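# Topology and contacts: notes
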Amino acid sequence: MPTVVGGTTQPCPECGARIHADDRFTVWCAACDWNVDPKGHQQEREKEEERGRRGKRAGRDRLEEARRALARRYGERLHTEMAQEGAGPRARWDGATTLGYAIALAVHGVTAALLAAGVFCLVWGWGGGLVLLGAVLLAMAVALRPRLPGPSDDDGTVLRRADAPELYALVDEVARAVGTRGVDRITVGKEINASVVSQGVRGRRALSLGLPLWEVLSPQQRVALLGHELGHYGNGDTRRGVVVATALRSLTVWRYYFTPIARPTVGEMLVNAVCAVPLLLVQGVLSLLDHLTLRATQRGEYLADREAARAGSTEAAAALMDQLLMTESIDVFLRREVSNAALTGARSARRAAGASADTQDAGGGLWTRLAAHIASVPEHEYERQRRAGARRGHSVDATHPPTHLRRACLLAGPPSRAAVLLDDDRSGRITAELAGARAEVARRIVRDGMG
Ligand SMILES: [Zn+2]
Ligand SMILES: [Zn+2]
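Residues numbered from 1 in each chain as written. Chains lettered and ligands numbered in written order. Predicted model: local features only at pLDDT ≥ 70, side-chain atom pairs only at ≥ 80, totals over all residues. Heavy atoms only, no water.

## Describing the overall build of the protein
To keep it simple, the criterion reads: Only DSSP runs of H or I with at least four residues qualify as helices, and only runs of E with at least two residues qualify as strands; both kinds are numbered from the N terminus onward. Here the term buried applies to any residue with accessible area under 20% of the maximum for its type, exposed to any over 50%, and partly exposed to those in between, with areas from a 1.4 Å probe on protein chains only. Every residue pair with non-hydrogen atoms within 4.5 Å of one another is taken to be in contact. Methods summary: accessible areas were calculated by the Shrake-Rupley approach with a probe of 1.4 Å, and residue burial reflects only the protein chains presented.
Across its full length, the protein holds 16 helices and six strands. Looking at the protein as a whole, 41% of its 451 residues qualify as buried. Counted over contacts in the protein with a minimum sequence separation of 6, partners at least 24 positions apart contribute 70%. With an accessible surface of roughly 23900 Å², the protein has 58% of that area assigned to carbon and sulfur atoms.

## Structural notes on the coordination of the zinc ion (ligand 1)
As a reminder, the rule being used: Here a donor is any nitrogen, oxygen or sulfur atom (N, O, S) within 2.8 Å of the metal, with 3.2 Å used for Na, K and Ca; water is not among the atoms considered, so some sites may look incomplete. Square planar and octahedral sites, with four and six donors, are those where opposite donors lie more than 155 degrees apart and all other angles lie between 65 and 115, tetrahedral sites have four donors with every angle between 85 and 135 degrees, and the rest are irregular.
Surrounding the zinc ion (ligand 1) are the protein donor atoms Cys-12 (SG), Cys-15 (SG), Cys-29 (SG) and Cys-32 (SG), which sit 2.3 Å from the metal. Seen from the zinc ion (ligand 1), its four donor atoms lie at angles of 107 to 112 degrees, and the figure they make is tetrahedral. If you list the donors of the zinc ion (ligand 1) from N- to C-terminus, the spacing comes out as C-x2-C-x13-C-x2-C.

## Some thoughts on the packing of aromatic side chains
Note the following rule: Ring pairs shown here join Phe, Tyr and Trp side chains whose ring centres sit within 6.5 Å, with only the six-membered ring taken for Trp; geometry is labelled stacked below 30 degrees between planes, edge-to-face above 60, and tilted in between.
Applying the stated criterion across every chain, the model contains four aromatic pairs. With a centroid separation of 5.9 Å and 10 degrees between ring planes, the pair formed by Phe-120 and Trp-124 is classed as stacked. Of this pair, Phe-120 and Trp-124 both sit in helix α3 (residues 95–124), separated by four residues, roughly a single helical turn. Each member of the pair, Phe-120 as well as Trp-124, is classed as exposed. Centre to centre, the rings of Tyr-256 and Tyr-257 are 6.5 Å apart; their planes meet at 45 degrees, and the pair counts as tilted. Put simply, the rings of Trp-254, Tyr-256, Tyr-257 and Phe-258 touch in pairs and so form one group of aromatic residues.

## Remarks on helix α4 (residues 130–144)
Given 3.6 residues to a turn, an α-helix orients residues that are three or four positions apart in the same direction. What counts here: Any helix carries an expected span of 1.5 Å times its number of residues minus one. The directions considered for the arc are those from the helix axis to the C-beta atoms.
A rise of 1.5 Å per residue sets the reference length of α4, with its 15 residues, at 21 Å; its end C-alpha atoms lie 21 Å apart and thus fit the reference within 8%. Burial in α4 covers these residues: Gly-134, Leu-137, Ala-141 and Leu-144. Burial along α4 is one-sided: seen end-on, the buried residues are contained in an arc of 95 degrees.

## Examining the coordination of the zinc ion (ligand 2)
In an ideal tetrahedron of four donors about a metal, each angle is 109.5 degrees. In an ideal octahedron of six donors, the angles are 90 or 180 degrees. The zinc ion (ligand 2) binds to the protein through His-228 (NE2), His-232 (NE2), Glu-301 (OE) and Glu-301 (OE); the donor distances cover 2.1 to 2.8 Å. Angles of 51 to 135 degrees at the metal separate the four donor atoms of the zinc ion (ligand 2), which places the site in the irregular class. Donor residues binding the zinc ion (ligand 2) come from one chain and are separated in sequence as H-x3-H-x68-E. Of this pair, His-232 sits in helix α7 (residues 219–234) while Glu-301 is found in helix α9 (residues 266–312), placing the two residues 69 residues apart along the sequence. The exposure classification of His-232 matches that of Glu-301, with both residues buried.

## So, the nonpolar core
Short version of the rule: For the purposes of this section, nonpolar cores are sets of buried Ala, Val, Leu, Ile, Met, Phe, Trp, Tyr and Cys residues that join through side-chain atoms within 4.5 Å.
Ranked by size, the top nonpolar core spans 58 residues in total, and within it Leu-167 and Trp-214 carry the most contacts. Those residues in contact with Trp-214 that lie beyond four places of it in its chain are Leu-167, Leu-209, Arg-222, Leu-225, Leu-226, Ile-430 and Leu-434. Leu-251, Val-253, Phe-258 and Leu-279 belong to the second-largest nonpolar core, a separate cluster that totals 21 residues.

## Considering unusual backbone geometry
The phi torsion at Asn-35 lies on the positive side, around 60 degrees, for a residue other than glycine. Relative to the helices and strands, Asn-35 resides in the loop between β2 (18–21) and α1 (38–54). Given a relative accessible area of 29%, Asn-35 falls into the partly exposed group. We note that Arg-263 has phi near 45 degrees; this positive angle belongs to a residue other than glycine. Along the polypeptide, Arg-263 turns up in the loop between α8 (237–258) and α9. Residue classification places Arg-263 among the exposed positions, given a relative accessible area of 81%.

## Structural notes on the sheet that holds strand β4 (residues 185–189)
In a beta sheet, neighbouring strands are held together by backbone hydrogen bonds and run either parallel or antiparallel to one another. To keep things clear, this is the line we draw: Whether two strands pair depends on DSSP finding at least two bridges between them. Angles shown run from 0 to 180 degrees and are taken between the N-to-C directions of axes, each axis being a line fitted to C-alpha atoms and, for helices, limited to the stretch in contact.
Strand order in the open sheet formed by four strands is β3-β4-β6-β5, with mixed pairing between adjacent strands. On the outer flanks of this sheet lie β3 (157–159) and β5 (194–199), each paired with one strand and no other. Geometrically, the sheet is characterised by an average inter-axis angle of 25 degrees between neighbouring strands, direction not taken into account. In this structure, β3 lies alongside β4, joined through three bridges in antiparallel fashion. The residue bridging Leu-159 from the neighbouring strand is Ile-186, located in β4. With respect to the sheet, α7 is in contact with β5 and β6 (204–210), its orientation differing from that of β5 by roughly 30 degrees.

## Points about the packing of α7 against α9
The condition is simple: When an angle is under 35 degrees it counts as roughly parallel; over 145 it counts as roughly antiparallel; between 65 and 115 it counts as roughly perpendicular; any other value is oblique. Left-handed describes a crossing whose near helix is turned anticlockwise from the far helix through less than a right angle; right-handed describes the clockwise counterpart.
Packing of α7 against α9 brings their axes to within 7 Å, and their N-to-C directions diverge by 135 degrees. Compared by their axis directions, α7 and α9 come out oblique. Two packed elements cross with a definite hand, and for α7 against α9 that hand is right-handed. Counted together, Gln-220, Val-223, Ala-224, Gly-227, His-228, Gly-231 and His-232 of α7 and Gly-300, Glu-301, Ala-304, Asp-305, Glu-307, Ala-308, Ala-311 and Gly-312 of α9 form the full contact between these two elements.

See the structure below:
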């Protein structure tokens, strides 16, 4: 039984067992799983209604069910494999990965062929009608070229090395521990997440650190988080990922070209008819590529978790998984803060007092209140999130395996000690370096909401 901290108890409407009711969290029953995943339940119901509205035949539903069953089956197989493998091989090529990679290369091959044909038409047909065709082909090749994400124009606060030497040093140290290099740029934002991406042709690495997640983690869990994100590079799964990701992007451009014109004229109806077959083909290749690479993507996550444990210790990495279960709670808490701040702001405006000073104050205490709130989350809420995750299972399109399996996988192997230690002194210096960004991001959350 979870320890009861405040709140009341009430009987479960399903099985009558006594359940603990804390109005800050979802009330659910540990004995029969009543109300264990209201959000997932609601999403299911909405999907059901949507299907009803569109009048899809039962065959579609069976297909959907089969896909989910398949995803669950190979998700479970992958988990067993990863748990048994222990400190086994790193990223690995299997049949699906090879096929996916080959398809991605073929997609880029088509782009190269368009480019070559365009150049040929221009040179060969110079002065004639072929020039026009050549120009069209070249324009298509340009639109379809493999393109890496450019420097993102999101609204994160940029921290240069000179602004945050201790944070950069920590990232460098974690990167060394997982066998890769550090990052060129760090931005701090309001997402409940962290990520490292390569940008541009030179592959400059950018780390974006979501403060709502960072602030609820212990120092050692922060090391594990950085270890996971940089671990993707150490494992080499991102290098392969770039070829596939750029191919997926080119395919999306193709799909855009072939998408039927809405409310067509007679002439446009002809265009739509001509585009119908290529559209089906593009969609087929898109979903095939997606499926082929899903397994490798999920595998990459397990491997990155292993790097997280190497950097920050198995204990910290497992605790990080628990904190990842709290993203929903973090989101709910911050949204509530935003609406409270809006109320206070309106009231002070009425009093003609300094509303901006109020907002500033709300920003200042936001992170402390968030950390305190998450620290007060009772074990029964963690357990509910774990069970909800297990129920949702392996969804077909999720890039990450369910969190409870990632946690189980970490704890299955021999525990690893931390390669990087973040003591209170150093952690404090990093928090001081982040002071400006913490105030800025908090202000932005209060001003613009969570989005
Ligand atoms: Zn019950
Ligand atoms: Zn990851």
